[in-house]
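# Structural features, examined
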Amino acid sequence: MSAIESCRTAALGGHVTRCEDCAYTTIAYNSCRNRHCPKCQGAAAKDWLAAREADLLPVPYFHVVFTLPAAIADIAYHNKAVIYDLLFKVSAETLTTIAADPKHLGARIGITSVLHSWGSAMTHHPHVHMIVPGGGISLDGERWVACRPGFFLPVRVLSRLFRRLFLERLIASHNAGHLKFFGSHAALADPQAFAAYLAPLRRAEWVVYAKRPFGGPQAVLAYLSRYTHRVAIANSRLIACDRNGVTFRWKDYRAEGRDRQKVMTLATAEFIRRFLIHVLPYGFHRIRHYGLLASGTRADNIAKARRLLDVHAARPETGDTNCTEIDELKPLSHPCPCCGGRMIIIEVFERGATPRYRPTGPTIVIRVDTS
């Protein structure tokens, strides 16, 4: 929390920029770059999306969600690294196994998985969002196999396999001593008690949801920008923070229509507690790629898929490559907000220091009454 509290304040240092034309001066404080910081993740999402744009294929894309039952979410709270990792691996194995079955698709598919551990009210609700191209490369590698229009894979079949594989791996992790239990769940350290705890889950329906395909590759990018680097709550949902607590907007999915959008106020300590629930273990990757999109072979697989689809990757138009002329045509990344001129750095200050230059004050507008 200390990094997030200090984000873009004098505590982290920064620099001062001034316009070459009108001398407009601004102060820019450094960001904390913490992956759980809502302020910093917007820029990180844009960079990530730009890198992924080249991987898009001209096919429909589907959105598939795998959700853990509440009973497993309860024990995941103290075993995040183990159970979140199982959620990633088992959901990907489920999807690739069913897709490779000739009775369904009979192809190798690509998956981008994003972990979310929260619901709209910031409660603990672990699930993964998957973005999947609507088809894959045939098992013999000779052709592209497209899924049926508007349909990817049967969710009931996915749900049953996901349930079986996850419970098997979870029990194996328990037997290997990888799970820890505290408080009301301390008794689950006993194998028999743990087996009895999981027994009802073998008969329950596990939620696997597949949405209709997106409108096109650009719609995929727009959708991914809302999911890849989101952390618990976006600043845009915050309404107020005062002595009464923190007030924010949330969505009640059990309600319909206008009743779905609601407002909640939490005591400040409770709001912080809910936020900290979703801090991931150190070094844990919350975005992962599987199948055709696995990092080691992604470039080759994308190139092969394009050949089979008879499309080519977009190439920059040829033309004058004079660097000076190209640089002159590029728009300024941070133009002066006053006149549009070029901003240059005139001072860099360290953590906790006060800059020597002051920012330009707001422009005073003089109104003349001509009535």
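Residues numbered from 1 in each chain as written. Predicted model: local features only at pLDDT ≥ 70, side-chain atom pairs only at ≥ 80, totals over all residues. Heavy atoms only, no water.

## A closer look at the overall build of the chain
Regarding its fold elements, the chain presents ten helices and 14 strands. Scored against the burial criterion, the 371 residues of the chain give a buried share of 42%. For the chain, the share of sequence-separated contacts (at least 6 apart) that also reach a separation of at least 24 residues comes to 70%. Total accessible area on the chain is roughly 21500 Å²; 54% of this is exposed by carbon and sulfur atoms. (Helix = DSSP H or I, 4+ residues; strand = E, 2+ residues; numbered from the N terminus. Buried < 20%, exposed > 50% of the residue type's maximum accessible area, 1.4 Å probe, protein only. Contact = heavy atoms within 4.5 Å. Areas by Shrake-Rupley, 256 points an atom, 1.4 Å probe, with all protein chains shown as cover.)

## With respect to the environment of A299
Looking at the element boundaries, A299 is found in helix α9 (residues 298-309). Note on A299: relative accessible area 60%, which makes it exposed. Between the alpha carbons of A299 and A54 there is a distance of 9.7 Å; along the sequence they are 245 residues apart.

## Considering the nonpolar core
Residues L95, F152, F166 and L170 are the most contacted members of the largest nonpolar core, which totals 47 residues. Within the residue set of this core, elements represented by two or more residues are β3 (61-67), α3 (70-76), α4 (80-100), β5 (110-118), β6 (124-133), α5 (155-175) and α6 (191-198). Apart from residues lying up to four places away in sequence, F152 is in contact with F62, V64, L95, L105, I109, V132, P133, G134, G135 and C147. In this structure, I131, W144, L293 and I302 belong to the second largest nonpolar core, which totals 14 residues. (Core = buried A, V, L, I, M, F, W, Y, C linked by side-chain atoms within 4.5 Å.)

## Re the side chain of K80
With respect to the helices and strands, K80 occurs in helix α4. Despite its burial, K80 remains without a salt bridge, the nearest opposite charge being carried by D74 at 13 Å. Among the polar contacts listed, one links the side chain of K80 to the backbone oxygen of I277, at a separation of 2.4 Å. (Lys, Arg positive; Asp, Glu negative; His and termini not counted. Salt bridge = Lys/Arg side-chain N within 4 Å of Asp/Glu carboxyl O. Polar contact = N/O pair within 3.5 Å; in protein donor to acceptor, adjacent residues only side chain to side chain.)

## Re the sheet that holds strand β4 (residues 107-108)
Here we have three strands laid out as an open sheet, ordered β4-β7-β8, and antiparallel in their pairing. On the outer flanks of this sheet lie β4 and β8 (144-146), each paired with one strand and no other. Relative to the sheet, α9 contacts β4, β7 (135-138) and β8, its axis offset from that of β7 by approximately 90°. (Pairing = 2+ DSSP bridges. Axes fitted to C-alpha atoms, helices over the stretch in contact; angles between N-to-C directions.)

## Quick look at the pattern of salt bridges
What the rule picks out here adds up to 13 salt bridges. For the salt bridge of E93 with R169, the shortest nitrogen-to-oxygen distance reads 3.0 Å. Separated by 76 residues along the polypeptide, E93 in helix α4 and R169 in helix α5 bring together distant segments of the chain. With relative accessibility at 28%, the residue E93 sits in the partly exposed group. With a relative accessible area of 29%, R169 lands in the partly exposed category. Note that E270 and R273 form a salt bridge whose closest N and O atoms lie 2.9 Å from each other.

## Quick look at the packing of aromatic side chains
One pass over the full model with this rule turns up nine aromatic pairs. The rings of F66, F162, F166 and W206 are connected pair by pair, giving a single aromatic cluster. We note R288 situated over the ring of F284; from NZ or CZ to the ring centre the distance is 4.7 Å. (Phe/Tyr/Trp six-rings, centres within 6.5 Å; stacked < 30°, edge-to-face > 60°. Lys NZ or Arg CZ within 6 Å of the ring centre and 35° of its normal.)

## Quick word on the sheet that holds strand β2 (residues 25-29)
One open sheet holds the three strands; their spatial order is β2-β1-β14, and the pairing between them is antiparallel. Unpaired on one side and paired on the other, β2 and β14 (343-349) mark the two borders of the sheet. Pairwise comparison of adjacent strand axes, ignoring direction, gives a mean angle of 25° for this sheet. As paired elements, strand β1 (residues 14-19) and β2 share five bridges and run antiparallel to each other. In the sheet register, H15 faces β2, and the bridge partner there is A28.

## Quick word on unusual backbone geometry
With a phi close to 65°, A23 is a non-glycine residue in the positive phi region. Here A23 is to be found in the loop between β1 and β2. The backbone of M122 shows a phi angle near 70°, a positive value even though the residue is not glycine. Tracing the sequence through the fold places M122 in the loop between β5 and β6. Look at M122 and you get buried, because its relative accessible area is 0%.

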